[in-house]
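Fold and contact review
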Amino acid sequence: MRELKIIQPDDWHCHLRDGAYLSRTVPDSAAIFKRVIVMPNLTTPITHPSAAKKYRERILNAVPEGNDFEPLMTLYLTDETTPHVIAEAKASGIIHGAKLYPQGVTTHSEAGVTKLEKIYPTLEAMSEHHIPLLIHGEVNDPAVDIFDREKYFIDKILTQLVKNFPSLKIVFEHITTKDAVLFVEESSKNVAATITPHHLYYQRNAMFMGGIRPHYYCLPVLKRQEHQLALIAAATSGNPKFFIGTDSAPHAVTRKESSCGCAGIYNSPTALALYAEIFATQNKLHKLEGFTSLYGADFYGLAHNQKTITLREISKNVPETLSFGDETIIPLKAGQSVKWDII
Ligand code: NCD
Ligand code: ZN
């Protein structure tokens, strides 16, 4: 039975949601992660530091007694986000990134940016104030095949953006393709990427195993095996440009199991076990700590965590459902087991 002691992990991309969801998401994340980068795509997006401050309080109110969990807040960029708002975000001391959702690209992205050029002065301000740009890297053009939207984004938007803003720190969030891996590897040290457990663990067939499986549907959508293999190689390589970001994104079961089900996978309780399993399968367990606990903090310019955790290779059952308020969520690996647990 293998054991691995590592510095406590952080999660550099997580949707904690709001309201009743917080009673589920916050304790689940806080049971494993010291810090999470909190996505701002609430029903009313977090577009101003004052809203982020209030949202942070609501999150902190849901942290279990005695837990030192730290939510790291982000701003949601719109066409109207001004350089002044970025200066205020910096001054607030609680904002650690600003998120670009190209309009219409995913859940709650209706208020997202329509044309990047409109916010160039804002991006300039982010560069000056050292606020990283967090990117959902897909084009929103319905004419582009959904499996190609990340590659199109790289070719049509990201390549130019990186040239125009060489000093801006960019996190290419939840990458899903070998094209993205290559782009990040070949970019400057200011460009990094997060990788989710589900994009490492599954390929697109998972959505169609014997029928249509809404709980494997997320955006960017799962890709074919060659991309999964490139992600596994990148995550386990020890290259500090690639680090953890679960993209845990809960939706009540009624919103997933529907004629038009929402995109998003709830994986906070199982993410770390799945990362460990992937690294173990590749004989790269010695690289896990860098990926989960060091590289992200380094990129964001934050200290490493003080505490350690110990992972043990032991089977653990995952519940069929998890509740919050009057609703339920089906977590990733529901009703199955994972191979690692924190002891
Ligand atoms: C996320 C959500 O539900 O908020 N969904 C998802 O499929 N990942 C949004 C996002 O990160 O794209
Ligand atoms: Zn996300």
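Just so we're clear, the structure is a prediction, and the values are computed from it rather than from any experiment.

This part is about the coordination of the zinc ion (ligand 2). Coordination of the zinc ion (ligand 2) by the protein involves His 13 (NE2), His 15 (NE2) and Asp 247 (OD), with metal-donor separations of 2.0 to 2.1 Å. Around the zinc ion (ligand 2), the four donor atoms sit at angles spanning 92 to 141 degrees, and that spread fits a shape best called irregular.

With that settled, the discussion passes to the site of ligand 1. Residues in contact with ligand 1 amount to 15 residues; listed here are only the nearest, Arg 17, Asn 41, Thr 106, Leu 219 and Asp 247. Here His 15 contributes a side-chain N or O atom positioned 3.1 Å from an oxygen atom of ligand 1. Measuring from an oxygen atom of ligand 1, one finds a side-chain N or O atom of Thr 106 at 2.7 Å. Within the complex, the protein chains bury 100% of what would otherwise be the 310 Å² of accessible surface of ligand 1. In terms of residue class, the shell around ligand 1 is built from four nonpolar, nine polar and two charged.

Bringing helix α3 (residues 83–92) into the picture now. Listing the buried residues of α3 in full gives Val 85, Ile 86 and Ala 89. Taken end-on, α3 shows its buried residues confined to a sector of 100 degrees, consistent with a single buried face. In α3, the exposed residues that point more than 90 degrees away from the buried face are His 84 and Ala 91. The inward-facing, buried residues of α3 contact α2 (49–61), β4 (70–76), β5 (95–100) and α4 (120–129).

Glancing now at the sheet that holds strand β8 (residues 191–195). Ordered by their spatial adjacency, eight strands build an open sheet running β2-β3-β4-β5-β6-β7-β8-β9, and the pairing between neighbours is parallel. Of all strands in the sheet, those with a lone pairing partner are β2 (11–14) and β9 (242–244), marking the two edges. Between one strand axis and the next, the sheet turns through 30 degrees on average, direction left out of account. Direction of pairing for strand β7 (residues 170–172) relative to β8: parallel, over a ladder of three bridges.

A few words on the packing of aromatic side chains. Each pair of aromatic rings is reported with the distance of its centres and the angle of its planes. The final tally for this structure, using the stated rule, is 11 aromatic pairs. For the pair Phe 172 and Phe 183, a centre-to-centre distance of 6.5 Å together with 85 degrees between the ring planes defines the contact as edge-to-face. One end of the pair, Phe 172, is in strand β7; the other, Phe 183, is in helix α6 (residues 178–186), with 11 residues separating them in the sequence. On the basis of relative accessibility, which here comes to 0%, the residue Phe 172 falls in the buried class. On the accessibility criterion, Phe 183 (12% relative accessible area) is buried. With a centroid separation of 6.3 Å and 80 degrees between ring planes, the pair formed by Phe 299 and Tyr 300 is classed as edge-to-face.

So, about the nonpolar core. Counting residues in each nonpolar core, the largest one holds 107 residues, and the members touching the most others are Leu 16 and Leu 133. In contact with Leu 16, other than residues within four places in its own chain, are Tyr 21, Leu 22, Thr 25, Val 26, Ser 29, Val 36, Val 38, Tyr 55, Ile 59 and Phe 69. Counting residues in each nonpolar core, the second largest holds six residues, with Tyr 21, Tyr 266, Leu 322 and Phe 324 among its members.

The sites that carry the UniProt feature "modified residue: N6-carboxylysine" (unreviewed entry) are, in the present numbering, Lys 99. By relative accessible area, which is 1% here, Lys 99 ends up buried.

This paragraph deals with the sheet that holds strand β1 (residues 3–7). Spatially, β1-β10-β13 is the arrangement adopted by the three strands of the open sheet, whose pairing is antiparallel. Among the strands making up the open sheet, the edge pair consists of β1 and β13 (337–342). Here the strands of the sheet are splayed against their neighbours by 35 degrees on average, with no regard to which way each runs. Inspection of the sheet shows β1 paired to strand β10 (residues 308–317) by five bridges, in the antiparallel sense. What sits directly across from Ile 7, in β10, is Thr 308. Running over the sheet, helix α10 (residues 271–281) touches β10 and β13 and is turned about 100 degrees from β13. Its contacts with the sheet place helix α11 (residues 288–300) against β1 and β10, and it is angled at close to 25 degrees to β1.

Rules of the game
All residue numbers refer to positions counted from 1 along the written sequence of the respective chain. Chains and ligands are labelled sequentially in the order written, the chains with letters from A and the ligands with numbers from 1. Note on the predicted model: pLDDT of at least 70 is required for a residue's local features to be given, and 80 or more for side-chain atom pairs to be given and counted; whole-chain, interface and lining totals, by contrast, use all residues. Side-chain numbers here rest on the full set of heavy atoms in the structure, without hydrogens or water. The donor definition counts N, O and S atoms within 2.8 Å of each metal and applies 3.2 Å to Na, K and Ca; water is not among these atoms, so some sites may look incomplete. Site shape is set this way: if four donors have all angles between 85 and 135 degrees, tetrahedral; if opposite donors are over 155 degrees apart and all others between 65 and 115, square planar for four donors and octahedral for six; otherwise irregular. Each residue is tested against the molecule or strand, and it is near if at least one of its non-hydrogen atoms lies within 4 Å. Counting of polar contacts relies on pairs of N or O atoms within 3.5 Å, with two restrictions inside protein: one atom must be capable of donating a hydrogen and the other of accepting it, and residues adjacent in sequence are counted only when both atoms are side-chain atoms. What sets the accessible areas is the Shrake-Rupley method with a 1.4 Å probe; for residues, cover comes only from the shown protein chains. Following the grouping adopted for this structure description, the nonpolar residues are Ala, Val, Leu, Ile, Met, Phe, Trp, Tyr, Cys and Pro, the charged ones are Asp, Glu, Lys and Arg, and the polar ones are all others, Gly among them. Relative accessibility thresholds used throughout: buried, under 20% of the residue-type maximum; exposed, over 50%; partly exposed, between the two (1.4 Å probe, protein chains only). Runs of E in the DSSP output that reach at least two residues are strands. Runs of H or I that reach at least four are helices, and both are numbered from the N terminus. The directions considered for the arc run from the helix axis to the C-beta atoms. Contacts are assigned to residue pairs with any non-hydrogen atoms lying within 4.5 Å of each other. In short, DSSP must find at least two bridges between two strands for them to pair. Between N-to-C directions, angles span 0 to 180 degrees; the directions come from axes that are lines fitted to C-alpha atoms, helices contributing only their stretch in contact. Two aromatic rings, drawn from Phe, Tyr or Trp (for Trp, its six-membered ring), form a pair once their centres lie within 6.5 Å of each other, and the interplanar angle then sorts them: stacked below 30 degrees, edge-to-face above 60, tilted otherwise. In this description, a nonpolar core means a group of buried Ala, Val, Leu, Ile, Met, Phe, Trp, Tyr and Cys residues linked to one another through side-chain atoms lying within 4.5 Å. UniProt positions are given in the numbering used here, feature names are shortened, and annotations may be inferred rather than shown by experiment.

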